[in-house]
Amino acid sequence: MNSEADLFHYSDAFVRFLASALPKAELVTLEGPDDTRMHVAVCHDRRFGKVANSLPFFGSHGGPSPTAGAAGKRELLSKFSQWASDNNIASATVIENPFDPFDEAMIAVSGLESVDDRIGQFTKLPASDSDDLDDALFSLFHTKTRNAVRKGQKLDLEIVNSVDQADWDWMQTIHAASISSLGGVVKGQSIFAALRKSFGDDARLHVAFHKGRPIAGLLSIVYGNTIEYFTPVVDPEHRDSQALSAIIFEVMK
């Protein structure tokens, strides 16, 4: 198994989450060799027809499971192309795994007609037994990032991994206000409830308290050898305090 490429998007827990979070979508699993799979969600529109996405949720990475190998991936992508044709799919999108990208042969058999490039951000964390974990992380950061973290640390925050529903409600409220102000798509309470139900303790909300009041939070998903940065929030009154930088740094540690 390629542990770096085995992201949480390929897990059964994520499929359960999608089924709950996207009740109007039809979830389809294409089977490949050696128990490999490719998850696809289908939405129906009366005017435009069927739209298929692998995968369809806020930055999800889809395509064949990374254990398939090159030949297995080509087989699954070819099966996807035939499935899309047989089911009169009007438009299809496959978001590839950034650690396990497609080659030209895979793109050719997929039936996809255009390729779009996006930017992703990843940090390879230092070993947890580093003599000085703070210094090991700081060595990865730009000078401005180091200064932001140090500024946030001066607040003397209490950072906790919270399972308190009140803290989760607070996080969603701050998230909704922030995203709405930008004209974005808000994740509702039901989304976070489905995430907790599907991933259990691996869905971790860290909250930073200042003088007993929550001012920043970070929701992350732990899976295998990766931690997915899922939802960051900061109280608007403390946006310039760099409390969010401080909590991200602590969660990375």
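Residues numbered from 1 in each chain as written. Predicted model: local features only at pLDDT ≥ 70, side-chain atom pairs only at ≥ 80, totals over all residues. Heavy atoms only, no water.

Caption draft 1: Local environment of empty space enclosed by the protein. Applying the stated criterion across every chain yields a total of one cavity of 30 Å³ or more. Of the pockets and cavities examined, the largest cavity occupies roughly 50 Å³. Along the walls of the largest cavity sit Val15, Leu18, Leu27, Val28, Thr29, His39, Val40, Ala41 and Leu55, which together make up its complete lining. Here the lining of the largest cavity is composed, by residue class, of seven nonpolar, two polar and no charged. (1 Å grid on protein atoms, 1.4 Å probe; cavity = no way out; pocket = protein on both sides within 12 Å on 5 of 7 lines; lining within 4 Å. Points joined across faces, edges and corners; volume = space filled by probe spheres on them. Nonpolar A, V, L, I, M, F, W, Y, C, P; charged D, E, K, R; others polar.)

Caption draft 2: Region of interest: the pairing of strand 1 (residues 26–31). Examined bridge by bridge, strand 1 and strand 2 (residues 37–45) share six bridges and lie antiparallel to one another. Its bridge partner lying in strand 2, Thr29 is registered against His39. The turn linking strand 1 back onto strand 2 is made up of five residues, and Asp34 within it adopts a positive phi angle of 55°. (Pairing = 2+ DSSP bridges. Helix = DSSP H or I, 4+ residues; strand = E, 2+ residues; numbered from the N terminus.)

Caption draft 3: Focus on the environment of Asn225. Looking at where Asn225 falls in the secondary structure, it is placed in the loop between strand 7 (213–223) and strand 8 (226–234). Asn225 sits 99 residues away from Pro126 along the chain, and the two C-alpha atoms are 12 Å apart.

Caption draft 4: A look at the packing of helix 5 (residues 143–153) against helix 8 (residues 243–252). For the pair helix 5 and helix 8, interaxial distance at closest approach is 7 Å and the crossing angle is 100°. Judged by the inter-axis angle, helix 5 sits roughly perpendicular to helix 8. Seen from helix 5, the contacting residues are Ala148, Val149, Gly152 and Gln153; seen from helix 8, they are Ala243, Ser245, Ala246, Phe249 and Glu250. Residue classes in the contact of helix 5 with helix 8 are distributed as five nonpolar, three polar and one charged. (Axes fitted to C-alpha atoms, helices over the stretch in contact; angles between N-to-C directions. Parallel < 35°, antiparallel > 145°, perpendicular 65-115°, else oblique. Contact = heavy atoms within 4.5 Å.)

Caption draft 5: Region of the structure containing the layout of surface pockets. Taken as a whole, the second largest pocket spans an internal volume of roughly 210 Å³. If you go around the second largest pocket, you meet eleven residues; those closest to its centre are Tyr10, Asp35, Arg37, Ser65 and Thr67.

Caption draft 6: Seen up close, the packing of aromatic side chains. Tallying each qualifying case throughout the model produces ten aromatic pairs. Relative to Phe199, the ring of Phe8 lies with its centre 5.4 Å away and its plane at 65°, an arrangement referred to as edge-to-face. In this pair, Phe8 sits in the segment before helix 1 (12–21) while Phe199 sits in helix 7 (residues 189–199), placing the two residues 191 residues apart along the sequence. In this structure Phe8 comes out as buried when scored by relative accessible area, which is 2%. (Phe/Tyr/Trp six-rings, centres within 6.5 Å; stacked < 30°, edge-to-face > 60°. Buried < 20%, exposed > 50% of the residue type's maximum accessible area, 1.4 Å probe, protein only.)

Caption draft 7: Main features of the sheet that holds strand 3 (residues 49–54). Spatial strand order, 1-2-3-4: four strands in an open sheet with mixed pairing. On the outer flanks of this sheet lie strand 1 and strand 4 (89–94), each paired with one strand and no other. The sheet shows a mean angle of 25° between the axes of neighbouring strands, direction not considered. With five bridges joining them, strand 3 and strand 4 adopt parallel strand pairing. Bridge assignment links Ser54 to a residue of strand 4, and that residue is Val94.

Caption draft 8: Summary view of helix 5. Along helix 5, the residues classified as buried are Ala148, Val149 and Gly152. The buried residues of helix 5 occupy an angular sector of 95° when the element is viewed end-on, so they sit on one face. (Arc of directions from axis to C-beta.)

Caption draft 9: Region of interest: the sheet that holds strand 8. Strand order across the open sheet formed by four strands is 5-6-7-8, with antiparallel pairing between neighbours. Each of the sheet's edge strands pairs with one partner strand only, and the pair in question is strand 5 (158–162) and strand 8. When strand polarity is set aside, the average angle formed by the axes of neighbouring strands in this sheet is 25°. In this sheet, strand 7 lies alongside strand 6 (residues 203–210) in antiparallel orientation, the contact comprising eight bridges. Looking at the pairing, Arg204 lines up with Ser220 of strand 7. Along the sheet, helix 7 contacts strand 6, strand 7 and strand 8; its crossing angle with strand 7, the most-contacted strand, is approximately 45°.

Caption draft 10: Region of the structure containing the environment of Gln189. For Gln189, the location among the structural elements is in helix 7. By relative accessible area, which is 36% here, Gln189 ends up partly exposed. With near-sequence residues (within four places) excluded, Gln189 lies in contact with Asp169 and Gln172.

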